[in-house]
Amino acid sequence: VMLPLLLLLSSSSPAWAFSVAPRRSPVVISSGDSRSCPVVAKEPSRLFSFDPFKKSYPSYRNHPSYSTTWKKNKSSLQLSGSSSSESSTTTTTSPTRIQEALAGLTVAFSLLSKAIACSAIVGVNPLVGLWSSVIMGITAPLIGSRAGVISGTAAVVIVPLSALTVTHGVEYMPLCIILSAILQGLFGVFNLAKTADLVSEEVLSGFLNGLGFILLFSQAKVFKAAKAGGALLPAVGMASLCFSIVQLLPLVTKAVPSSLVGLVVATGLGMMLKLPLATLESTAPAGTFSGGLSSLPSLIDFGQLRSMATSSSAVKLVMPAAISIMIIALVETLLAGKVVDDMTGKTDDADYDVPKRSVLAMSTGNLVSAFLGGFGGCGLIPQTVLNLKSGGGGPFSSISYALAMASFVLFFAPLVGKISEAALAGIMITVAYDTVAWSSSFKSIKAVMSKGGDGTRVQRLIDLFALGLSSYICYFGNLAVGIIGGVVAQRGLHSIFNRVSKD
């Protein structure tokens, strides 16, 4: 339903929308020569960053060519290749506007139930989460966030926020989000975003593992509710159908996003068979999907905000939650950018500091969202993965996702409310499966068991321990603590081992 509007916008090519974040040119990567493999890039840290979905690479700092070739020429890097005499060239091009529009539409569908669920956890109207996603999705590409990253309502941000609102009330929510946004802005202004490079491949794998399993088991509530209503088998069947379509359709055609096809087919088939499946409308409060201009957000009470901001007790009350939100949002947003680099095999060639602009874009989006009564968000790794797998990757996919979400609320709310929750669960299970770093995790285990490989067995065991520790803490504890704990443990143990080895 949003496709005509999105295609109309794409055909007009509004320069104002992308003047800050220009579209990327094709990147050509040549490989196969036994002597060299020239790779054009900006930062050495991106060249060997871990690919959680295909394969992983050793850190560029450990590569023997780093200290010589990179210092000689920062625009290219010569790597030792195989002995094969054959050569091949792989060209990666930017997605078309049609692909980005369809990908954004798919992402919007996947975020509907999540935004509503986050609103319920905080204790506010379901529309608050939807408009928060819209604002984050629009501000990110306009200010210059990493192309391909989807920003919106984040469950990881809601956890510390809900602890505050449940205990002290939702009236503290705007102050908390504004303080968090200011801290994020300071983080970007002082150019601290590059500290994300401290996160190693193993810790990133652990973070993705924890996030993937959190997302996977979060869908259990859909099937528990279906079981309570005596519709467990239909729910499992429609979710399985959607999952199968998402996985198998790309083998036949990639003309349309498989996630969108799976969602439409599973929902439509359930309606045709009159299966007793829960829908978004049936699980949301009355009037949520009525649509119309009455659904537009309104400004907060600035008088109340001023009185809270000038109260030391109120600031002291919300500051712990604000700091926790800042750390989690920063980490996930920056890692979402690294995931884009790893999945696409290329870096953003914009002539500005992409991590810094991503942080400033997130800070701005959170400020605007808070002024309109929302709770903001951050970059979303699962939705970023879905965006890329659906054919997106440019700034227009984020714009189209935000426009689609806004249209769902204003114009097509009754139709969107008919979407089956089981079908959405099938899509989210697919995203969870693709988020988990299966290949890298198994490779780390295999490296410890094998005799050869990079470094000593003790060093590889330390890397595997960091992966397992960060995975465990991220899933059972806190995502921010899991990342920080993994980095500290890995670097500390490596430092101790190096000192012992020298002695």
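Conventions adopted
Residues numbered from 1 in each chain as written. Predicted model: local features only at pLDDT ≥ 70, side-chain atom pairs only at ≥ 80, totals over all residues. Heavy atoms only, no water. Helix = DSSP H or I, 4+ residues; strand = E, 2+ residues; numbered from the N terminus. Buried < 20%, exposed > 50% of the residue type's maximum accessible area, 1.4 Å probe, protein only. Contact = heavy atoms within 4.5 Å. Expected span 1.5 Å × (residues − 1). Bend = angle between axes of the 7 residues up to and from the residue. Salt bridge = Lys/Arg side-chain N within 4 Å of Asp/Glu carboxyl O. Phe/Tyr/Trp six-rings, centres within 6.5 Å; stacked < 30°, edge-to-face > 60°. Axes fitted to C-alpha atoms, helices over the stretch in contact; angles between N-to-C directions. Parallel < 35°, antiparallel > 145°, perpendicular 65-115°, else oblique. Left-handed = near helix turned anticlockwise from the far one by under 90°. Core = buried A, V, L, I, M, F, W, Y, C linked by side-chain atoms within 4.5 Å. pLDDT = per-residue confidence, 0-100.

Trainee: Report on the overall build of the protein chain, specifying residues and quantitative values.
Mentor: Each helix and strand counted, the protein chain has 23 helices and four strands in total. Across the 503 residues that make up the protein chain, the buried fraction comes to 52%. In the protein chain, 85% of the contacts between residues at least 6 apart in sequence involve partners at least 24 apart.

Trainee: Describe unusual backbone geometry, naming the residues involved and giving the relevant values.
Mentor: Among all residues except glycine, the phi angle is most often negative; among peptide bonds, the trans geometry is most common. Here K274, not a glycine, exhibits a phi torsion of approximately 55°, which is positive. Take K274: its relative accessible area is 73%, and that puts it in the exposed class.

Trainee: Could you give me a rundown of helix 15 (residues 312-344), with the residues and numbers involved?
Mentor: Over its 33 residues, helix 15 runs 47 Å from end to end, which matches the ideal 48 Å to within 8%, given 1.5 Å per residue. A bend of about 40° at M319 is the largest found in helix 15, and the proline P320 appears one to four places after it.

Trainee: Lay out the pattern of salt bridges with the relevant residues and their values.
Mentor: In the structure shown here, the tally under the stated rule is three salt bridges. Where D341 meets R146, a salt bridge forms, and the shortest distance between an N and an O atom there is 2.4 Å. A residue pair is termed long-range when its members are at least 10 positions apart, and D341 in helix 15 and R146 in the loop between helix 6 (126-143) and strand 3 (150-152) qualify at 195 residues. Take D341 and R146: they sit in the same class, and that class is buried.

Trainee: Tell me about the packing of aromatic side chains, and name the residues and values.
Mentor: This model, assessed by the stated rule, comprises nine aromatic pairs. Summarising the aromatic geometry, the rings of F302 and F371 are spaced 5.7 Å apart at their centres and angled 45° between planes, so their arrangement reads as tilted. Pair noted here: F302 is in helix 14 (residues 302-309) and F371 is in helix 16 (residues 354-371), with a separation of 69 residues, a long-range link. By relative accessible area, F371 is classed as partly exposed at 32%. Through pairs of rings, three or more aromatic residues link up here, namely F213, F217, Y433, W438, Y472, Y475 and F476.

Trainee: Describe the packing of helix 8 (residues 173-189) against helix 15, listing the residues and the values that go with them.
Mentor: Two elements in contact, helix 8 and helix 15, have axes whose closest approach is 8 Å; the angle formed by their N-to-C orientations is 50°. With respect to their mutual orientation, helix 8 and helix 15 come out oblique. Relative to helix 15, helix 8 is oriented so that their crossing is right-handed. Across from L175, C176, I177, L179, S180, L183, Q184 and F187 in helix 8, the residues of helix 15 making contact are A314, V315, V318, M319, A321, A322, I323, I325, M326, A329 and L330.

Trainee: Which residues make up the environment of F187, and what values go with them?
Mentor: Note on placement: F187 falls in helix 8. Taking the relative accessible area as the measure of exposure, F187 reaches 17% and is therefore buried. Separated by 173 residues in the primary sequence, F187 and L360 place their C-alpha atoms 8.4 Å from one another. The contacts of F187, once residues within four sequence positions are left out, are L192, A193, T195 and L330.

Trainee: Explain the nonpolar core to me, using residue names and the numbers behind them.
Mentor: L112, L161, F207, F375, I381, M405 and F408 are the most contacted members of the largest nonpolar core, which has 99 residues in total. At 15 residues, helix 15 tops the list of elements feeding residues into this core. The residues contacting M405, other than those within four sequence positions of it, are A108, L111, L112, L130, S133 and V134. F223, A235, M238 and A239 belong to the second-largest nonpolar core, a separate cluster that totals nine residues.

Trainee: Can you explain the confidence of the model for the protein chain? Please cite residues and give values.
Mentor: A low pLDDT means the predicted coordinates there should not be read in detail. The pLDDT averaged across the protein chain works out to 77; a share of 79% of its residues lies at or above 70. Of the regions scoring below 50 in pLDDT, residues 1-91 engages in 171 contacts with residues more than four places distant in sequence or in other chains.

Trainee: Now, about the packing of helix 5 (residues 97-122) against helix 7 (residues 155-168): what can you tell me, with residues and values included?
Mentor: Here helix 5 crosses helix 7 at 25°, and the two axes come no closer than 8 Å. Comparing their axes, helix 7 and helix 5 come out roughly parallel. Across the interface between the two elements, K114, C118, I121 and V122 of helix 5 pack against A155, I158, L161, S162, T165 and V166 of helix 7.

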